[in-house]
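# Residue-level structural notes
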Amino acid sequence: MHITLIAGSNRHHAISTSILRYIENLLKSNNIPVSFIDLAAVQLPLFSPDSEVVPKEAELLITSVEHADGIILGTPEYHGSISGTLKNALDYLDNRHVAGKPFLTVSSAGGPLGVSSLLHLQSIIRNLHGIHCPEWISVGEGQSIFDPNGLPQDKEILGRIDQAVERFIALVKKLGHDSKHSEKVMMET
């Protein structure tokens, strides 16, 4: 099993990126390999369907998503939607890259919750033919769960994150990881 995490903020110390870093560590501690794409570091050119060449930075994104058994997206909520940075990255993908793959979505918002951005991500995932996990993670204003050193602090929110990740991993297993492994074993024998 391999999980790709995509941090969709270009802000240093973004809460949504911190949540994904926590999830990355959680997955690694359970011996699940991960790829982490931080869009603050991997800056993609503005997507154009007219471009005949895929930019080198986008190839990394596409390859990571293609090889993933599941994908976790994180975004801040801006003006009731996802970040332009994440939307641009998702525009480089199509259903050949993600069809049938499970997604878990994470948002952070300046208001009470970032539900609008999560609803927009559901729509994008559905149009890419991905499968959205029934769980999602939203952290709102005043729910600072990380101390200045990036260590998780809020036990209740942390419990919700842990539960969502656990259910996401169960979905990844149900939707293909086990069957892919079984097919490989059968081909080798």
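Just so you know, these numbers come straight off a predicted model, no measurement behind them. (Residues numbered from 1 in each chain as written. Predicted model: local features only at pLDDT ≥ 70, side-chain atom pairs only at ≥ 80, totals over all residues. Heavy atoms only, no water.)

## Regarding helix H5 (residues 115-127)
We count it as follows: A run of H or I in DSSP counts as a helix once it spans at least four residues, and a run of E counts as a strand once it spans at least two, with each numbered from the N terminus. The span one expects for a helix is its residue count, reduced by one, times 1.5 Å. Relative accessibility thresholds used throughout: buried, under 20% of the residue-type maximum; exposed, over 50%; partly exposed, between the two (1.4 Å probe, protein chains only). The directions considered for the arc are those from the helix axis to the C-beta atoms.
Compared with the 18 Å implied by 1.5 Å per residue over 13 residues, the 19 Å span of H5 between its first and last C-alpha is a close match. All of the buried residues in H5 are Ser117, Leu118, Leu121, Ile124 and Ile125. In an axial view of H5, the angular spread of the buried residues amounts to 120°, which keeps them on one side of the axis. Facing away from the buried surface of H5 by more than 90 degrees, the exposed residues are Arg126 and Asn127.

## Some remarks on helix H1 (residues 15-29)
With 15 residues, H1 extends 21 Å from end C-alpha to end C-alpha; this agrees with the ideal 21 Å at 1.5 Å per step. Listing the buried residues of H1 in full gives Ser16, Thr17, Ile19, Leu20, Tyr22, Ile23, Glu24, Leu26 and Leu27. Just downstream of H1, Asn31 is the residue with a positive phi angle, here 60°.

## Considering the pattern of salt bridges
Heads up, the condition is: What counts as a salt bridge is simple: a side-chain nitrogen of Lys or Arg found within 4 Å of a carboxyl oxygen of Asp or Glu.
In this structure the tally under the stated criterion is 5 salt bridges. Across the salt bridge formed by Glu24 and Lys28, the nearest N and O atoms sit 3.4 Å from each other. Separated by 4 residues within a single helix, Glu24 and Lys28 lie in helix H1, roughly one turn from each other. The closest approach of N and O atoms between Lys87 and Asp91, which form a salt bridge, is 2.5 Å. Linking Lys87 with Asp91, this pair stays in helix H3 (residues 84-91), spanning 4 residues, or about one helical turn. You can call Lys87 partly exposed: its relative accessible area is 35%.

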